[in-house]
Amino acid sequence: MAIKLLFVCLGNICRSPAAEGIMLDLIQKAGLSDHIHCDSAGTSNYHIGDPPDSRMVMTARQRDIHLQSLARQFHGSDFENFDLILAMDRENYQDILRLDTDGKYRDKVHLICDFCQSHAQKDVPDPYYGGRDGFELVLDLLTDACQGLLVHLKETYPDLGCS
Ligand code: 4NP
């Protein structure tokens, strides 16, 4: 059995690919690659098929995180196909919940910053129209959140990696 995580932002070219890359790195270092799978998506259709934003790729590469996904749009079937859906900000969170018309999957959807252990922010700010600092902040917040998420998964699934 593998736990399936889906990271979601607006465009799926900055924040959610970075979250996916950071989480994949943590999972690999923890020896859990067969047990936790990751994907990412955007709530918009703006960048379908595009690689991650070059500024996000470069900033992540400096931390030895390599981003490789291609953008796709969040789809209703993702509610069934993933165990946890991690929204980057409250707008993404609301946009996702709006597609869950009868509230069946509500408990699967979380703000990723709720897993932060060192930062108090609720949102990973959209870096697209800003400067370099915004991309560094995205990586700082997501590293904290993904570390906390891994702790949460190990606590929730104590047999993780045992089979
Ligand atoms: P992301 O950033 O949601 O972190 O991928 C954005 C990327 C593109 C746009 C907005 C945010 N856009 O408006 O095209």
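Quick caveat, the model's predicted, so the values are computed rather than measured. (Residues numbered from 1 in each chain as written. Predicted model: local features only at pLDDT ≥ 70, side-chain atom pairs only at ≥ 80, totals over all residues. Heavy atoms only, no water.)

Draft legend 1. Layout of the UniProt feature "domain: Phosphotyrosine protein phosphatase I" (unreviewed entry) in the protein. Annotation from UniProt places "domain: Phosphotyrosine protein phosphatase I" (unreviewed entry) at residues 3–152. Each end of residues 3–152 is marked by a C-alpha atom, and these two atoms are 12 Å apart; helix forms 39% of the span and strand 14%. (UniProt positions renumbered as here; feature names shortened; annotations may be inferred. Helix = DSSP H or I, 4+ residues; strand = E, 2+ residues; numbered from the N terminus.)

Draft legend 2. Main features of the sheet that holds strand S2 (residues 36–42). Taken together, the four strands give an open sheet; going across it, the order is S2-S1-S3-S4, and neighbouring strands pair in parallel fashion. Both edges of this open sheet fall to S2 and strand S4 (109–111), since each of them pairs with a single strand only. Averaged over all pairs of adjacent strands, the angle between their axes in this sheet comes to 25°, without regard to strand direction. Running over the sheet, helix H1 (residues 15–29) touches strand S1 (3–9) and S2 and is turned about 175° from S2. The strands touched by helix H4 (residues 90–99) are S1, strand S3 (84–87) and S4; relative to S4, the strand with the most contacts, the crossing angle is about 170°. (Pairing = 2+ DSSP bridges. Axes fitted to C-alpha atoms, helices over the stretch in contact; angles between N-to-C directions. Contact = heavy atoms within 4.5 Å.)

Draft legend 3. View of the pairing of S3. Judged by which residues are buried, S3 turns out to be covered on both faces: Leu84 and Leu86 on one side and Ile85 and Ala87 on the other are all buried. Sheet topology places S1 next to S3; four bridges connect them, and they run parallel. Across the sheet, residue Leu6 finds its bridge partner in S3, namely Ile85. As paired strands, S3 and S4 are joined by three bridges and run parallel to one another. For Leu86, the partnering residue across the bridge sits in S4 and is His110. Once the chain exits S3 it traverses H4 before rejoining the sheet at S4, and the crossover so formed is right-handed. (Buried < 20%, exposed > 50% of the residue type's maximum accessible area, 1.4 Å probe, protein only. Right-handed = clockwise from strand over helix to strand, strands pointing away.)

Draft legend 4. Region of the structure containing the nonpolar core. If you look at the biggest cluster of nonpolar residues, it comprises 39 residues, and the most contacted ones within it are Leu5, Phe7, Met23 and Ile112. Every element with two or more residues in this core is listed here: S1, H1, S2, helix H2 (54–61), S3 and helix H5 (132–156). Per element, the largest residue contribution to this core is ten residues, and it comes from H5. (Core = buried A, V, L, I, M, F, W, Y, C linked by side-chain atoms within 4.5 Å.)

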